Amino acid sequence: MTHFVKAWILAIGLILTPAALSAQEALPSAPVVDPAATSAPQAADAPAAAEAAPSGLDPALYTPMKPTPGIGMPVDGGIDFQQQFSETGETAHWINNAILVPMMVGVSLLVLFLLFWVVIRFRRGANPEPSKTTHNTFIEIIWTVIPVLILVVIAVPSISLLARQFEPAPEDALTVKVTGYQWYWGYSYPDNGDFEVISNMLTKEEADARGEPYQLAADNRMVIPVGKPVKLLITAADVIHSFALPSAWFKLDAVPGRINEKVLQIDREGVYYGQCSELCGARHGFMPITVEVLSQEKFDNWVRANGGTVKGEAAMNEVSAEGAGAEEETSTVVAPEMVPANSTGSAAPAAAAPVTQ
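Everything quoted here is computed from the prediction, not taken from an experiment. (Residues numbered from 1 in each chain as written. Predicted model: local features only at pLDDT ≥ 70, side-chain atom pairs only at ≥ 80, totals over all residues. Heavy atoms only, no water.)

**Focus: the overall build of the chain**
- When its secondary structure is counted, the chain shows 7 helices and 12 strands.
- Of all 357 residues assigned to the chain, the portion counted as buried reaches 31%.
- Long-range contacts, defined as pairs at least 24 residues apart, comprise 61% of the intrachain contacts of the chain with a sequence gap of at least 6.
- Within the structure as shown, the chain displays about 22,000 Å² of accessible surface, and the carbon and sulfur contribution to it stands at 63%. (Helix = DSSP H or I, 4+ residues; strand = E, 2+ residues; numbered from the N terminus. Buried < 20%, exposed > 50% of the residue type's maximum accessible area, 1.4 Å probe, protein only. Contact = heavy atoms within 4.5 Å. Areas by Shrake-Rupley, 256 points an atom, 1.4 Å probe, with all protein chains shown as cover.)

Shown next as structure tokens:
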């Protein structure tokens, strides 16, 4: 028996040793950061340039928005969910605070009352001869019907909320492909020229310079328009990740070789933070999610700053170009043709052909 236990201990040690060594080797390494995207200015007397420089984009088209403290991020001493800024999140928050919490408190107090009542009423001193009554029909009906009613009250709004979260996106929804990598995120915009934004965590110095929370701020953000449904296509390139944005009540796994779809809509402009919520390796805690919600006009300028195309703008440009090309065509007149000789034997010119464009 002793040899059997020693063999298991040795086998477990051999299995865990390489993983522990690889994790220790990976921990000191810094997250992958694009130098061009995170180059911070040296001049301290230029706040506007300091805000725009980390994005690496033209400040005339896009300047990163400053976050609002306590909005879209966790707060110190918080005991509730984060404030919600999506319709789904507001509904879920209401179900929790108006139905689940009161029900939990009520059931807990009822059970506590019954426990004290039984301890006091049926103690040996007050009840020396215990009752032998069995099969109380009324009590059995009560403890069967009440739990069923409680489950129905919980199930109806919960199932409705769950179904609403996975409704398909409307046809005009903006599409964003989210790819999880070890250990950063990539955001592609197929409706806007299919450019990709690579997002890495900021260092503490960079986060402090931009006025953002450390380990939640990223150099390049996922940008979406406010109040518009966004169809997120979520996948992973290596291992399973999870795209989670608590203030929008959004969470969906990113699985390699599979695309999961869900609609995200945030109804207030601002900066919202999340993190990968699936254990994905040594630097799992260092791949934050930063979503910036802008007006449609500012979003279109951000797309242009990234070299993308605004949805619908390319088609309008093509139509304008075709119209201009048609106007520039020169008029061509077909030379008159000769008709057969008339009665006098001389050739007569035919009528000129119509002018074509």
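**Description of a nonpolar patch on the surface**
- There is a patch of nonpolar side chains on the surface, built from Val101, Met104, Val105, Leu109, Leu112, Leu115, Phe116, Val119 and Ile120 and spanning about 850 Å² of accessible area.
- With respect to the helices and strands, the residue Val119 is situated in helix α3 (residues 87-121). (Patch = residues over 30% accessible without salt bridge, like charges linked within 9 Å, V, L, I, M, F, W, Y side chains within 5 Å. Salt bridge = Lys/Arg side-chain N within 4 Å of Asp/Glu carboxyl O.)

**Observations concerning the pattern of salt bridges**
- Taken as a whole and judged by the stated rule, the model has 5 salt bridges.
- One salt bridge connects Glu212 with Arg221, and the closest N-O pair in it is separated by 3.0 Å.
- By relative accessible area, Glu212 is classed as buried at 5%.
- A salt bridge links Lys251 to Asp253; the shortest N-O distance between them is 3.7 Å.
- A relative accessible area of 29% means that Asp253 is categorised as partly exposed.
- What emerges from the salt-bridge pattern is a single network uniting Arg210, Glu212, Arg221 and Glu292.

**Details of the side chain of Asn220**
- With respect to the element layout, Asn220 can be found in the loop between α5 (204-210) and β4 (222-225).
- For Asn220, a relative accessible area of 12% puts it in the buried group.
- A polar side-chain atom of Asn220 sits 3.0 Å from the main-chain carbonyl oxygen of Ile198. (Polar contact = N/O pair within 3.5 Å; in protein donor to acceptor, adjacent residues only side chain to side chain.)

**Examining the environment of Leu202**
- Tracing the sequence through the fold places Leu202 in the loop between β3 (195-199) and α5.
- For Leu202, a relative accessible area of 1% gives the class buried.
- Each C-alpha atom, one on Leu202 and one on Phe286, is 9.3 Å from the other, the two residues being 84 residues apart in sequence.

**Focus on helix α4 (residues 137-165)**
- Over its 29 residues, α4 runs 42 Å from end to end, which matches the ideal 42 Å to within 8%, given 1.5 Å per residue.
- Its axis deflected by about 25° at Ala155, α4 carries its strongest bend there, up to four residues before the proline Pro157.
- Taken residue by residue, α4 has Pro157, Leu161 and Gln165 as its buried positions.
- Buried positions along α4 lie against α3 and β8 (260-264).
- Residue Asn136 occupies the N-cap position of α4, its side-chain oxygen lying 3.2 Å from the main-chain nitrogen of Phe138. (Expected span 1.5 Å × (residues − 1). Bend = angle between axes of the 7 residues up to and from the residue.)

**Notes on the sheet that holds β4**
- Taking strand neighbours across the sheet as the criterion, the 5 strands line up as β4-β10-β9-β6-β7 in an open arrangement whose pairing is mixed. This sheet does not close on itself; its edge strands, each paired only once, are β4 and β7 (250-254). The average undirected angle you get between the axes of adjacent strands in this sheet is 25°. (Pairing = 2+ DSSP bridges. Axes fitted to C-alpha atoms, helices over the stretch in contact; angles between N-to-C directions.)

**Quick word on α3**
- Between the first and last C-alpha of α3 there are 50 Å, a value that for 35 residues agrees with the 51 Å anticipated at 1.5 Å per step.
- Remark: the principal bend of α3, roughly 30°, maps to Asn96.
- The set of residues buried in α3 consists of Thr88, Gly89, Ala92, His93, Ile95, Asn96, Ile99 and Met103.
- Along its buried surface, α3 packs onto α4.

Treat this as a map of the structure, not an account of what it does.
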